[in-house]
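Observations on chain architecture
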Amino acid sequence: MIELGKQLISDDVKEHFFVCNLSKCKGACCVEGDLGAPLEKEELPVLDDIYDTVKPYLSKEGIDAIEEQGTYILDEEGDYSTPTVGGKECAYAIYDEKGILKCGIEQAYLEGKTSYKKPISCHLYPIRVTKYDEFEALNYDQWSICSDACDLGSELGVPVYQFLKDPLIRKYGPDWYTELERLVAEG
């Protein structure tokens, strides 16, 4: 376990390897599971604000789901997530010409239409952050649909924390990430 500020980071984050392999999984993480992507409270007004900007990037089914359910939903446990299409894929997910699911929000971001890349939970995946009163736990979410990403990460020698450098910096800042690298190197 690595303790860094108010974050406790599972050893799996430094010991396991991971590089998304979309050509193999086809973006299954945007479909599998029982809810949409987890959202932080700070992201809720952002989704409201950018909806009209990202709407042209979304599928008809995604637009219908958002217009019926809202830009986000509140579940029975009091947590927020993205709405889904028929209880399956995230309403913001879109299929590309190769049948790979991608994020409509991220497509708008890549085209310079919004400064918001995508929900931080998606950007940080396969790390899941659990918030407690005094700290946050960062755990590697091992899921069979990501076995090809684990294989590719092993082949390339890329640990989870290195694969997720950009989203970790987005969430915690560059100094935090530099300290994480130092702590990992110290073993």
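What counts, and where the lines are drawn
Residues numbered from 1 in each chain as written. Predicted model: local features only at pLDDT ≥ 70, side-chain atom pairs only at ≥ 80, totals over all residues. Heavy atoms only, no water. Phe/Tyr/Trp six-rings, centres within 6.5 Å; stacked < 30°, edge-to-face > 60°. Helix = DSSP H or I, 4+ residues; strand = E, 2+ residues; numbered from the N terminus. Buried < 20%, exposed > 50% of the residue type's maximum accessible area, 1.4 Å probe, protein only. Pairing = 2+ DSSP bridges. Axes fitted to C-alpha atoms, helices over the stretch in contact; angles between N-to-C directions. Parallel < 35°, antiparallel > 145°, perpendicular 65-115°, else oblique. Contact = heavy atoms within 4.5 Å. Salt bridge = Lys/Arg side-chain N within 4 Å of Asp/Glu carboxyl O.

Under the defined criterion, the tally for this structure stands at six aromatic pairs. Ring geometry for Tyr 161 and Tyr 177: centres 6.4 Å apart, planes at 35°, overall tilted. Of this pair, Tyr 161 sits in helix α8 (residues 160-163) while Tyr 177 sits in helix α10 (residues 174-186), and the two are 16 residues apart along the sequence. The pair Tyr 161 / Tyr 177 is uniform in exposure class, with both members buried.

Attention now moves to the pairing of strand β8 (residues 127-131). Taken together, the five bridges between β8 and strand β9 (residues 136-140) define a ladder with antiparallel strand orientation. Pairing of Ile 127 across the sheet is with Tyr 140, part of β9.

Our focus in this paragraph is the packing of helix α9 (residues 165-172) against α10. Helix packing geometry: the angle between the two helix axes and the distance between the axes. Taken N-terminus to C-terminus, the directions of α9 and α10 make an angle of 125°; their axes are 7 Å apart at the nearest point. When the axis of α9 is compared with that of α10, the two are oblique. Here α9 contributes Lys 165, Leu 168, Ile 169 and Tyr 172 to the contact with α10, which in turn contributes Pro 174, Trp 176, Tyr 177 and Leu 180.

Scanning the entire structure with this criterion turns up nine salt bridges. With a shortest N-O distance of 3.4 Å, Lys 102 and Asp 96 are connected by a salt bridge. The exposure class of Asp 96 is buried, given its relative accessible area of 18%. A salt bridge links Lys 117 to Glu 106; the shortest N-O distance between them is 3.7 Å. In this pair, Lys 117 is assigned in the loop between α5 (104-110) and α6 (120-123) and Glu 106 in helix α5, connecting sequence segments eleven residues apart. With a relative accessible area of 16%, Glu 106 lands in the buried category. Members of the salt-bridge network, linked through shared partners, are Glu 40, Lys 131 and Lys 171.

Attention now goes to the sheet that holds strand β5 (residues 80-81). Spatially, three strands are ordered β3-β5-β4 in an open sheet, and the strand pairing comes out antiparallel. Taken across any chain shown, the strands that pair with only one partner, and hence form the sheet edges, are β3 (38-39) and β4 (73-74). Note that β3 and β5 share two bridges and pair antiparallel. The residue of β5 that forms the bridge with Leu 39 is Tyr 80.

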